[in-house]
Amino acid sequence: AVVSTQSTGKMNLFVSLKHNGTNNFVTLPPHIVHSLFTSSTSNFVTYLPLEVEWVYRDIESNSGGEKRIGYLGWAGEASSSRDTIEISSKFAECLGIREGTRVTLKSLALSTVPSATLIHVEPKEIDDWEILELHAGFAEEQLLNQVKVLYEGMILPLFINSSTVVKLKVIKTSPSKIVTLVPNAEIVVSPKPRKIPQKETKEMNGNNLVPKSREKVARIQSFSKEFSSSVF
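Residues numbered from 1 in each chain as written. Predicted model: local features only at pLDDT ≥ 70, side-chain atom pairs only at ≥ 80, totals over all residues. Heavy atoms only, no water.

### Considering the overall build of the protein
Move 1: Regarding its fold elements, the protein presents five helices and 13 strands.
Move 2: Burial analysis of the protein (232 residues in total) assigns 46% to the buried set.
Move 3: Considering only residue pairs separated by 6 or more positions, the protein has 80% of its internal contacts joining residues 24 or more positions apart.
Move 4: With an accessible surface of roughly 11800 Å², the protein has 48% of that area assigned to carbon and sulfur atoms. (Helix = DSSP H or I, 4+ residues; strand = E, 2+ residues; numbered from the N terminus. Buried < 20%, exposed > 50% of the residue type's maximum accessible area, 1.4 Å probe, protein only. Contact = heavy atoms within 4.5 Å. Areas by Shrake-Rupley, 256 points an atom, 1.4 Å probe, with all protein chains shown as cover.)

Right under this line is the structure:
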């Protein structure tokens, strides 16, 4: 596939949720995908960074109404209809996007989303930290199969398997606030230890927290899937 590295105009689409999705890549309408693979431009990339804009409404209370902007990655797949973008239901939940939401999509110039060198994340909940500790090796090896674009403030679902998902909050990315995840990028995970009963803790060490866990540092492994994609 071939690609233009320049950003382009915006397009309006509706969100369709993939309830069996196990990664954070999105799909694009078939006619867009077709145009990408038949483009006459000459550069080659393995993914496409996208900016998405929508009006946020709280899923439970239906309150809200403020405009939000996020960043997504496309890795070559087509959606089932010409006016939809498909997103895994877990990722959409983290973004605050629900079924049928109208979004405005724009591809980004590759030069505006540099390769990540260092990423700081923290588990969203204590349970996320405990699951991540048990599956640290899997996370390090498989993260690139699940996400490509990261940005500060993002809530990222990491799929351990089809029924187990760890949610991570991206605290800081370098060298910019939006980055492309690449092999050998370093990810620092801040610990989130569980509190224990005060009486039991005093018997252990005289304070009200389990002794502080150390940060975990992961080195992203090589991308194990190859995708062909292009910029529209």
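Structure shown, so let's carry the discussion forward.
### Overview of the nonpolar core
Move 1: Leu-28, Leu-72, Ile-85, Leu-105, Leu-150 and Leu-181 are the most contacted members of the largest nonpolar core, which has 54 residues in total.
Move 2: Among the elements that take part in this core, strand S3 (residues 48–57) stands out by supplying five residues, more than any other. (Core = buried A, V, L, I, M, F, W, Y, C linked by side-chain atoms within 4.5 Å.)

### Let's talk about helix H3 (residues 126–134)
Move 1: Within H3 the residues assigned to the buried category are Asp-128, Trp-129 and Leu-132. All buried residues of H3 fall inside an arc of 100 degrees around its axis, so they share one side. (Arc of directions from axis to C-beta.)

### Some words on the packing of aromatic side chains
Move 1: Scanning all chains against the criterion turns up one aromatic pair.
Move 2: Pairing Tyr-71 with Tyr-151 gives two aromatic rings, centres 5.2 Å apart and planes at 75 degrees, and the pair type is edge-to-face. Taken together, the positions of Tyr-71 in strand S4 (residues 64–78) and Tyr-151 in strand S8 (residues 149–151) put the pair 80 residues apart, joining distant regions of the chain.
Move 3: Among the residues examined, Tyr-71 registers a relative accessible area of 15% and is labelled buried.
Move 4: The buried category is assigned to Tyr-151, whose relative accessible area is 10%.
Move 5: The aromatic ring of Tyr-47 is capped on one face by Lys-148, whose charged end is 5.7 Å from the ring centroid. (Phe/Tyr/Trp six-rings, centres within 6.5 Å; stacked < 30°, edge-to-face > 60°. Lys NZ or Arg CZ within 6 Å of the ring centre and 35° of its normal.)

### Quick look at the side chain of Ser-88
Move 1: Tracing the chain through its elements places Ser-88 in strand S5 (residues 84–88).
Move 2: For Ser-88, a relative accessible area of 0% translates into the label buried.
Move 3: A polar contact of 3.5 Å, which involves the side chain of Ser-88, links it to the backbone oxygen of Asn-23.
Move 4: Discounting chain neighbours no more than four positions away, the residues touching Ser-88 are Lys-18, Gly-21, Asn-23, Asn-24 and Phe-159. (Polar contact = N/O pair within 3.5 Å; in protein donor to acceptor, adjacent residues only side chain to side chain.)

### Here we look at the environment of Leu-105
Move 1: For Leu-105, the location among the structural elements is in strand S6 (residues 102–107).
Move 2: Residue classification places Leu-105 among the buried positions, given a relative accessible area of 0%.
Move 3: Residues Leu-105 and Leu-50 lie 55 residues apart in sequence; the distance between their C-alpha atoms is 6.7 Å.

### Observations concerning the environment of Thr-112
Move 1: Among the secondary structure elements, Thr-112 is positioned in the loop between S6 and strand S7 (118–123).
Move 2: Sequence separation between Thr-112 and Val-179 is 67 residues, and the spatial gap between their C-alpha atoms is 8.5 Å.

### Comments concerning the side chain of Ser-89
Move 1: Along the chain, the position of Ser-89 falls in helix H2 (residues 89–95).
Move 2: Leave out the neighbours within four places in its chain, and Ser-89 touches Leu-17, Lys-18 and His-19.

### Some details on the environment of Val-52
Move 1: Position of Val-52 relative to the elements: it lies in strand S3.
Move 2: As a C-alpha pair, Val-52 and Lys-106 span 54 residues in sequence and 6.6 Å in three-dimensional space.
Move 3: Not counting chain neighbours up to four residues away, the residues in contact with Val-52 comprise Arg-68, Ile-69, Gly-70, Tyr-71, Leu-72, Val-103, Thr-104 and Leu-105.

### Some words on the pairing of strand S1 (residues 11–18)
Move 1: In terms of burial, S1 is a largely internal element, six of the eight residues being buried.
Move 2: Two strands pair when backbone bridges link them, and S1 and S6 are joined in this way by four bridges, in the antiparallel orientation. When the bridges of S6 are listed, Leu-13 appears paired with Val-103.
Move 3: As judged from the five bridges shared by S1 and S5, these two strands associate in the parallel manner. Each residue of the ladder has a partner; that of Leu-17, found in S5, is Ile-87. (Pairing = 2+ DSSP bridges.)

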